[in-house]
Amino acid sequence: MTAAAFDEHLDAIKEIATRLPAVQLMEVCGTHTVALFRTGIKSLLPANVRLLSGPGCPVCVTSQGYIDAACTLARRDGVTVCTYGDMVRVPGRGGSLEVQRARGARIRVVYSARDAVHLAAKSPELQVVFLAVGFETTAPATAAALLEAESLGLKNFSVLAAHKLVVPAMEVLLADGDVPIDGFICPGHVSVIIGAEAYQPVVSRYHKPCVVTGFEPAGMLAGIAAVLRQIAAGDARIENVYSVAVTPGGNRVALDVMDRVFEPAPARWRAMGELPASGLRLRPAYAAFDAWRRFDLTEGDDYDPPGCRCGEVIQGKSQPADCALFATACTPLNPIGPCMVSSEGTCAAWYKYHRPPVEV
Amino acid sequence: MTATLSSPEECVVLAHGGGGQLTSRLLAERVLPVLANPLLNPLGDSAVLEPVRGRLVFTTDAFVVQPLEFPGGDIGRLAVCGTVNDLAVMGAIPRALSLALIIEEGLPLATLDRVVASIATAAREAGVPIATGDTKVIERRGGDGLMITTAGVGELAYGVDWSINRIAPGDRILITGGLAEHGLTIMTQREGMGIESDLRSDAAPLIDLVTALRRTGAAIRFMRDPTRGGVAGVLNDIAEGTRLSVHVQEAALPLTPVVRHTAELLGLDPLTVANEGKCVVVVAASDAQRVLQACQAHPLGRSAALIGEVVDASPPLVELQTAVGGARIVQRPYGEELPRIC
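Anyway, here's the lowdown on the structure attached to this text. In this text the structure is predicted, and so the values were computed from the model without any measurement. (Residues numbered from 1 in each chain as written. Chains lettered and ligands numbered in written order. Predicted model: local features only at pLDDT ≥ 70, side-chain atom pairs only at ≥ 80, totals over all residues. Heavy atoms only, no water.)

**Looking at the overall build of chain B**
Put simply, the rule reads: Numbering of helices and strands runs from the N terminus, with a helix taken as a DSSP run of H or I at least four residues long and a strand as a DSSP run of E at least two residues long. Each radius of gyration is computed over the set of C-alpha atoms, and the globule rule expresses the reference value as 2.2 Å times the number of residues to the power 0.38. Buried means the residue's accessible area, taken with a 1.4 Å probe over protein chains only, is under 20% of the maximum for its type, while exposed means over 50%, and partly exposed covers the values in between. Only the protein chains shown count as cover for residues, and all accessible areas are computed by the Shrake-Rupley method using a 1.4 Å probe. Only four residue types enter the charge count: Lys and Arg as positive, Asp and Glu as negative, with His and the chain ends excluded. Charge positions are represented by NZ for Lys, CZ for Arg, CG for Asp and CD for Glu.
For chain B, the count of helices and strands is 8 helices and 13 strands. Computed over C-alpha atoms, the radius of gyration of chain B comes to 21 Å, within 12% of the 20 Å expected from 2.2 N^0.38 for 342 residues, which places it in the range of a compact globule. On the principal axes, the C-alpha backbone points of chain B span a range of 70 × 55 × 35 Å. Counting all 342 residues of chain B, 54% fall into the buried class. Counting only carbon and sulfur atoms, one obtains 51% of the accessible surface of chain B, whose full area is about 14900 Å². Measuring between centres, the 28 positive side-chain charges of chain B sit 5 Å from its 38 negative side-chain charges.

Below you can see the structure in the form of structure tokens.
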């Protein structure tokens, strides 16, 4: 989209905003949070249009108990843990995965689940465990990798699954009602997989506008403008301003692979507790690849590090600046909570793009 | 004799580093002839340098890049350019380099040959001799293959006093060429990325370019090469060192389309990605155009651009005017930049 389109959307937003009281839109996805900051869009919006970051950072919503289980696993002899990079610095009770690695644990940063399968195929002497976190964006890739491991007959590959589903989390925030949310900027990447129609429950049960939005500057403004237009008109519909990538029904192939390997299950979210049908577990047919079973692990208690408000931040209940630790005790160099660790985390985005750095 | 990977003919073995005959042969056949120059040739315990008129400038750097070879360069080229550039941006003319090779047993000799040849080429481009060196072979560990340390001594050019303390409000910021080419090249070459592109590392010795800029006689305040930490790191050095703010225009940043797209794909900010053949120059506003033209007239500075200015605003921040007219700050990157996961 062009600069002209950008200006047009921005003018529209400013015009509609004059007719609205203060409104809060939630951008569900961490990639949007970062992109809105990085492009400077946050600095251009009218004062009565407030953007809240939602529970869309995969690392941030992962429960502390999962981090602790992953660290326990990494310390076992003969185990190599493969993980996405953002996970390695999240502090657990006995230190982060990074700390375990420094103490000699075998931890590999990979860019996809398939890398872990290939490592397992190359190194039959290792037990390779993939830390399967993330939303519907990463779950199909985990499923495809697991099917590849099965077809290769690998006995030394397993996944520690804690995949989460986006729509149930949005519903919980609305049911909770603590934070007034007037509309959603729905995640572009996740929607490529699940399809725009997946937000129907949010629209029909809670009467909130849902606009599927891309990541280009003009596209993000188009999304914000569309939500505001619906609010002004008293509407609540699904709208898709990212139709170049997102279809109503999503990616059938990816959904089928995901459905073949995983089934919906209750899942533990950081600070939000166990939410019904909000995560994915392996179907019984793939139990042989289940690292929870293979290594007899359980997801321990969830807890926030003392003083840390990440749990509130991911629900939009607090802004990073509300947390006494933010940018004082908790910085990207010494993160206390996951929102400061992950590149998609709300606190990391605020620290990096928004507030003045700490005076030293 | 059958060549296998464990054969001394085909790869480096521990005995190569033992100071015995194999070591002598390795050096005599594969390293010394390639790097030969009058300072190195006597093979004394130290190299003896001629006296210089200016003040001495001295630096060192260690190189552990993976993979060892990548489009646009290799660890050898990097080891020469890194040290030469650290001297050059101080306003020094490099006079001699040292070279220490730490080789993991198992490194194919063919790889070693290519890296040594590349060291020789880069040193020739920079006009500086490898005056002294050392080689150690260590037992196989992480499979890194080869690590290099170089040190360099240079002579400060007459009258040059480039320092962060000389920067004043109103000064302009120039970058000598496109951002992020080295860092993105390395990241996309790593195992498992599966990204094919025509990205090339920009690794190059900058001494000739810096000399050309110095000879303009312009009021240059400060230079630094934005290696690890990228341009964001250097701009934050400036803000912290001067207690002044730096304002940068996103639209002015020289980015090739392939850099723009790859950074977008990986979720990285090109400002925070490493360069190995670029230099950030702070220059008085009145001389900015002159330095820009001198830069663009040099083969290594064709895509140079003025990207911002130093502003007396508090608190001291690096602020980016985004391409769409918004504003945000630019922070120093922390730790290793990792591609995003979703």
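**Examining the pairing of strand S11 (residues 305–311) of chain B**
All names here are of chain B. Short version of the rule: At least two DSSP bridges between two strands are required for those strands to pair.
In the sheet, strand S7 (residues 172–175) pairs with S11 via 4 bridges, with the strands oriented antiparallel. Bridge pairing in S11 links Leu174 to Leu306. In this sheet, S11 lies alongside strand S9 (residues 245–249) in antiparallel orientation, the contact comprising 4 bridges. When the sheet's bridge partners are listed, Ser245 is paired in S11 with Val311.

**What to know about the packing of helix H1 (residues 21–35) of chain B against helix H3 (residues 109–126) of chain B**
Residues and elements named next belong to chain B. Heads up, the condition is: Between N-to-C directions, angles span 0 to 180 degrees; the directions come from axes that are lines fitted to C-alpha atoms, helices contributing only their stretch in contact. For this classification, under 35 degrees means roughly parallel, over 145 means roughly antiparallel, 65 to 115 means roughly perpendicular, and everything else is oblique. Handedness of a helix crossing follows the sense of rotation of the near helix relative to the far helix, less than a right angle counterclockwise being left-handed and clockwise being right-handed. Throughout, a contact is declared for two residues whenever any of their heavy atoms are within 4.5 Å. Polar here means any residue other than Ala, Val, Leu, Ile, Met, Phe, Trp, Tyr, Cys and Pro, which are nonpolar, and Asp, Glu, Lys and Arg, which are charged; Gly is therefore polar.
It is at 8 Å that the axes of H1 and H3 come closest, and there the two elements cross at 25°. One way to sum up the angle between H1 and H3 is to call them roughly parallel. Crossing geometry of H1 relative to H3 is assigned as right-handed. Side by side, H1 and H3 meet where Leu26, Arg30, Val31, Val34 and Leu35 of the first sit next to Leu109, Leu112, Asp113, Val116, Ala117, Ile119 and Ala120 of the second. Looking at the contact of H1 with H3 residue by residue, the class counts come to 10 nonpolar, no polar and 2 charged.

**What to know about unusual backbone geometry**
Here the bond from Gln66 of chain B into Pro67 of chain B is cis, since omega is -5°, no more than 30 degrees from zero. In this structure, Pro67 of chain B sits in the loop between strand S1 (56–63) and strand S2 (69–70). Note the cis peptide between Ser314 of chain B and Pro315 of chain B, where omega equals 0°. Along the chain, Pro315 of chain B falls in the loop between S11 and strand S12 (318–321). Even without glycine at this site, His207 of chain A takes up a positive phi of about 55°. For Ala327 of chain A, which is not glycine, the phi dihedral falls at a positive 65°. Take Ala327 of chain A: it is sitting in the loop between helix H14 (310–313) and helix H15 (338–341). The buried category is assigned to Ala327 of chain A, whose relative accessible area is 2%.

**Side note on helix H11 (residues 217–233) of chain A**
All names here are of chain A. Operational definition: Take the residue count of a helix, subtract one, and multiply by 1.5 Å to get its expected span.
The first and last C-alpha atoms of H11 sit 25 Å apart over 17 residues, in line with the 24 Å expected at 1.5 Å per residue. In terms of residue burial, H11 counts as a mostly covered element, since 12 of its 17 residues are buried. Positive backbone phi, approximately 70°, marks Gly234, located one or two places after H11.

**Considering the nonpolar core**
Definition in use: What we call a nonpolar core is a set of buried Ala, Val, Leu, Ile, Met, Phe, Trp, Tyr and Cys residues that are connected through their side-chain atoms within 4.5 Å.
Judged by nonpolar contacts, the single largest core of 111 residues is most densely connected at Leu97, Phe130, Phe157, Leu160, Met170, Phe184 and Tyr199 of chain A. The dominant element in this core, judged by the number of residues it contributes, is helix H4 (residues 64–74) of chain A, at 7 residues. Excluding residues that lie within four positions of it along the chain, Tyr199 of chain A makes contacts with Val167, Met170, Cys186, Pro187, Val190, Ser191, Ile194, Cys210, Val212 and Ile238 of chain A. The next biggest cluster of nonpolar side chains, apart from the first, holds 58 residues, and it includes Leu101, Ala123, Ala157 and Val160 of chain B.

**What to know about the sheet that holds S12 of chain B**
Residue and element names in this part refer to chain B. The 7 strands are arranged S8-S10-S7-S11-S9-S12-S13 in an open sheet whose pairing can be described as mixed. In this open sheet, the two strands that pair with only one neighbour each are strand S8 (220–224) and strand S13 (327–329). In this sheet, neighbouring strand axes are inclined to one another by 25° on average, regardless of whether the strands run parallel or antiparallel. This element, helix H6 (residues 230–242), spans S7, S8, S9, strand S10 (280–283), S11 and S12 of the sheet and lies at about 150° to S9.

**Let's talk about the environment of Arg228 of chain B**
Residues and elements named next belong to chain B. Relative to the elements of secondary structure, Arg228 occurs in the loop between S8 and H6. On the basis of relative accessible area, Arg228 is assigned to the exposed category, the value being 80%. As for Arg228 and Ala274, which are separated by 46 residues in sequence, their C-alpha atoms are 4.7 Å apart.

Limitation: the analysis is restricted to geometry and does not speak to function.
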